[in-house]
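The residues making up each chain are set out below.
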Amino acid sequence: MNKQEFLEKYLIERRGTDCFKWDELESRYGDPNLIPMWIADMEFKTPDQIIEAMVERAKHGVFGYSSVSEEYYKAFSDWMSERYHFPIKKEWVRFSTGCITVIAWMIHAFTNPGDACLILTPVYYPFHNVVTSNGRELVSVDLDYNEGYFTMNYEAIEKAIVENQVKMFIQCSPHNPVGRVWSEEELEEILAICKKYNVLVVSDEIHQDIVLGENPFIPSAVVSDGLYGDIVITVSSASKTFNLAGLLHSHIVITNENLMKIYDKFARGMNRTEMNIMGLTATMKGYTHGGEWLSNLMGVIRDNYNYLKKELHEKLPDVTVCALEGTYLVLLDMRKCIEAERLVEFIQGRCHLAVDYGECFGENFKGFIRLNLATDPKYVKTAVENIIAEASKL
Ligand SMILES: Cc1ncc(COP(=O)(O)O)c(C=O)c1O
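Quick notes on the rules
Residues numbered from 1 in each chain as written. Predicted model: local features only at pLDDT ≥ 70, side-chain atom pairs only at ≥ 80, totals over all residues. Heavy atoms only, no water. Near = heavy atom within 4 Å. Polar contact = N/O pair within 3.5 Å; in protein donor to acceptor, adjacent residues only side chain to side chain. Areas by Shrake-Rupley, 256 points an atom, 1.4 Å probe, with all protein chains shown as cover. Phe/Tyr/Trp six-rings, centres within 6.5 Å; stacked < 30°, edge-to-face > 60°. Helix = DSSP H or I, 4+ residues; strand = E, 2+ residues; numbered from the N terminus. Buried < 20%, exposed > 50% of the residue type's maximum accessible area, 1.4 Å probe, protein only. Salt bridge = Lys/Arg side-chain N within 4 Å of Asp/Glu carboxyl O.

Engineer: Please explain the site of the ligand as it appears in this structure.
Structural biologist: Inspection of the region around the ligand gives Ala 40, Gly 98, Cys 99, Ile 100, Tyr 124, Cys 172, Asn 176, Asp 204, Ile 206, His 207 and Lys 240 as its neighbouring residues. Between Asp 204 and the ligand, the recorded distance is 2.5 Å, taken from a side-chain N or O atom to a nitrogen atom. In this structure, His 207 approaches the ligand through a side-chain N or O atom, which is 2.7 Å from an oxygen atom. Here the ligand has 390 Å² of accessible area as a free molecule, and 87% of this is covered by the chains.

Here it is, written out as structure tokens:
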């Protein structure tokens, strides 16, 4: 299937389907006619095989309590081992209704009220809330930023860990919104620091399958042949990969027996950690049949990104387009183009776009915007054209 065929087959109108991204524009942005380039889901239908499997399941007509089939574990393990050299054993896997829910559970299972949890900013805004709303101390360390490229400042991270006696590091890998796919050297460095100070790493790897640049995605649990497996809890889902977020199905992978015992004890206290039958059905089909669809999707995202980068570089070099090694969410540094105080009016009032603003991801990132590129190329084109045209009037 070529790109055009993929677009024709899978692009779908979402307005009027109780879709957060489109149908909440009025309530969130005060204007229902903006082009929604915010929240992280897509305008693409999920692969046919997923839809067919769900229809078949629905036709059976019973939605009772469900177990996880051997086939499911095999599909998950095969996907992870073929792509990321991480053959997942069944006994390492638990389930939840969402990755942020998992992070909240881990905070409760492995830290005490008042304990410090580290995040590297700018980062997905619920990482901030999940720490503070659960009564833990939030320690934020900014990533270093240089001409659209973010890197970790190990010295600052180590200092923050020591000074605040950090107990947990909530890692984003690949990192939303900075678009980095951390290299093995980078992961090795940060994990070694965490190990040195006995910091548990909860690694949110929800964006693992959307990798566009040269760095391959490496699960933290397999870095250096699994050297850090005893301090890493992996959180993942097929929801970003196949546009399944509404099914509320995610994985918790814990390779260390002691950590798993602690988690299981905590989970018993919650009584119910069973799975959504549709989430299981869809995820298994995605992992067994979704590879080709995913390659097509990545082609669209890559083309959208290359177009945006080239156009803005040529016609509006005051805007820095950050690197996009992974995820479908790109940061634009607008600070040379327009004062941060006028940015919202410019983006919404003049360019007619709904985006996420940098300060949601970290207080020092006002003046950045995040755009979602997993969409129809025509929206990306309009967005770019509007930004260029409106900037010329400033
Ligand atoms: C890094 C990251 N984690 C988690 C989520 C949300 O996951 P869930 O809906 O499973 O809580 C997102 C959504 O954009 C995300 O970017």
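That shown, we press on.
Engineer: Help me understand the packing of aromatic side chains, please; the structure alone is not making it clear to me.
Structural biologist: Note on aromatic pairs: each is described by the distance of the centres and the angle between the planes. This structure, assessed with the given rule, holds 26 aromatic pairs. Look at Phe 6 and Tyr 10: their rings are 5.1 Å apart centre to centre, the planes differ by 40°, and that puts the pair in the tilted class. Remark: Tyr 10 and Phe 6 occur in helix H1 (residues 3-10); sequence separation between them is four residues, near one turn of the helix. With respect to class, Phe 6 is no different from Tyr 10; both count as buried. Each ring, one from Tyr 72 and one from Tyr 73, has its centre 6.3 Å from the other, and the planes form 85°; the classification is edge-to-face.

Engineer: Which parts of the structure should I look at to understand the pattern of salt bridges?
Structural biologist: If the charged atoms of two oppositely charged side chains come close together, the side chains can form a pair. Going through the model one piece at a time under the given rule, you end up with 22 salt bridges. Across the pair Arg 180 and Glu 325 runs a salt bridge, and its minimum N-O distance is 2.7 Å. Of this pair, Arg 180 sits in the loop between strand S7 (166-172) and helix H9 (184-196) while Glu 325 sits in the loop between strand S11 (320-321) and strand S12 (329-333); the two residues are 145 residues apart in sequence, bridging distant segments of the chain. Each of the two residues, Arg 180 as well as Glu 325, counts as buried.

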